[in-house]
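Survey of secondary and tertiary structure
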Amino acid sequence: MAEDELFRGHGGAVAAPNALAAQAGLDLIHLGGNAVDAAIASMLATYVSEPGIVSALASAFVNVWPADRDPAVVDGNCEMPGRGLPSERFGGGLREVHLEYGGGITIYAGAGSAATPGAFKAFEESHARYGRASWADITAPAIDIARRGFRLGAAAASYIELTGEGLYSFDPETRAAHFDGDRPVAVGQLLTNVPLADSLQALTDEGFDLLYGGELGARVADHVLGQGGLITLDDLRAYRATVRPATVDRVGAWRLATNPPPSIGGPVLATMLRLLQRRGTDALTILQVQREVLTYRAAHLDAAADLEAAGADLLRTLEQNELTSLPTSQDTAHVSAVDGHGNACALTSSAGYSSGVTVPGTGLVLNNCLGEPELNRRGLHAVAPGTRLASNMAPTTGRADDGAMLAIGSPGADRITTALMQVLTAHCLEGAALQDAINAPRVHIGVDFATRDISIETEPDEALETAARQIDAPLRTHSRHAMYFGGVGAAKRTADGDLEAAADPRRASATAIG
């Protein structure tokens, strides 16, 4: 098949955080694009239409499994900024904020919590390698949504309601975009973001170097530095997306490709799936595997000086040993897309919990990836400028023995890997339908980084709750389909060429097929 024909499918399936984003992706396929174009267009639309959940100055991982090539992951994760700054600048520009989200968490916001964003560089590299649509077509849906307006969805409204007073009220531009008078914006409210539309249009017209070293980047760096933060124009100029071979594992009749090290999420997911295949998939075994892997993560991965080496060690040693014999040593959004020729793309992007700071006149909200405690276990501003941060993200693609293709992923901080392990176990090992696997009750074991104490969070389910009581740990039962447990989205092309997509009711997600 010729290179130009490889990606020219006339149909596709997209799972995304909302209907606008899902339709944006499907429209790209109908315009002659492919799964990669669709995923990028859908995520850009999500940046506009899911305020609070994710924003454009974010990190991203793009997992692509083309029809005739090996799978690869384009790493656009955030980096530690601060090139050329004196040591006394580090540790400033921060606001400690307590959020009620997820049962309560303390984070750092403000310009000092913002890391060098990599999402646009990841999109640029992914498109250069695999894409077919024009950038004008890819960005058009997001620009149109930002100018014409959108109705705020339930997930974003819920998050802003929970976090608005602490996170979105101290910066004047951020407050104006997220508040209606004295109250956070509510579900169903019509919102626009003309400055963001203008920024996206400028990036389309002039290229992404406008952000990574050009005029737009200078505006970002000037504002961050003026607010006590660390992102310099040199940080933006130096940023490069990194392309890595995916970690491929056999899971039943499937080969699944996950995010490789230095990501934490990919190796953790791969490890859990390997252990479940060895031990079984009953509720108690799922809990035991979560406990072992997540406790190991807290002890050996989260604070590792070399995340790539630590993640590789985890995967390499497990080839011959059980996890017990290993040597000691948010918010997020996801889009899945497949096209009619069997190309799959899973794209996960995160801006943390948000810094609460908007670059004036741009509509661009800074991430708070330096202010997320779970991603900075070595300490606040502790790593050298240019260091890639830790990440829970684990976008996954798959190919079955019969030729079926799958793209899947989830938001949800440290619940990303436990959500995906349960859905992939049900679908790939137990044969559950994709939507049924996503709808099924979930459980998550939380591990305290300092003490290694565990706690169990579960949705209502007799088997899960019975198994949880056999483990000596506090147990909390959430409501059915609680947002806490992530928001898995999946798109699939079956062996017969049929297209399907499945979205998680926990995040009011949406699908588009055609």
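Check the entry above for the structure.
The text that follows walks through the structure, step by step, so that each part is easy to find. This one's a predicted model, so the numbers in the text were calculated from it and none came from an experiment. (Residues numbered from 1 in each chain as written. Predicted model: local features only at pLDDT ≥ 70, side-chain atom pairs only at ≥ 80, totals over all residues. Heavy atoms only, no water.)

A short note on the overall build of the chain
For the record, the criterion: Labels follow the DSSP assignment, with helices taken as runs of H or I lasting at least four residues and strands as runs of E lasting at least two, numbered in each case from the N terminus. Throughout this description, buried means an accessible area under 20% of the type-specific maximum (1.4 Å probe, protein chains only), exposed means over 50%, and partly exposed covers the range between.
Helices and strands together make up the secondary structure of the chain, namely 16 helices and 24 strands. Across the 514 residues that make up the chain, the buried fraction comes to 62%.

So, the pairing of strand β24 (residues 510–513)
So the rule is basically this: Two strands form a pair only when DSSP identifies at least two bridges running between them.
Side chains Ala-510 and Ala-512 project from β24 onto a buried face, and the interleaved Thr-511 and Ile-513 project onto a face without burial. Note: strand β1 (residues 12–16) against β24, 4 bridges, orientation antiparallel. Pairing of Ala-16 across the sheet is with Ala-510, part of β24.

Some details on the pairing of strand β3 (residues 72–76)
In terms of burial, β3 is a largely internal element, 5 of the 5 residues being buried. Covered by surrounding structure in β3 are Ala-72, Val-74 and Gly-76 together with Val-73 and Asp-75, the residues of both alternating faces. With 5 bridges joining them, strand β2 (residues 59–65) and β3 adopt antiparallel strand pairing. Directly across from Asn-63, in β3, lies its bridge partner Val-73.

Digging into the nonpolar core
Which entries qualify depends on this criterion: The term nonpolar core refers to a set of buried residues drawn from Ala, Val, Leu, Ile, Met, Phe, Trp, Tyr and Cys, joined through side-chain atoms within 4.5 Å. Only heavy atoms matter for contacts: two residues are in contact if any of them lie within 4.5 Å across the pair.
Membership of the largest hydrophobic core comes to 89 residues, with the highest contact counts inside it found for Tyr-47, Phe-120 and Phe-123. Here the element with the most residues in this core is helix α3 (residues 35–49); it accounts for 11 residues. With sequence-adjacent residues up to four places away left out, Phe-120 is seen in contact with Leu-44, Ala-56, Leu-200, Leu-203, Phe-208, Leu-211 and Tyr-212.

A look at the side chain of His-223
Relative to the helices and strands, His-223 is located in helix α9 (residues 215–226). Beyond its immediate stretch of four places on either side in the chain, His-223 contacts Val-357, Thr-358, Val-359 and Pro-360.

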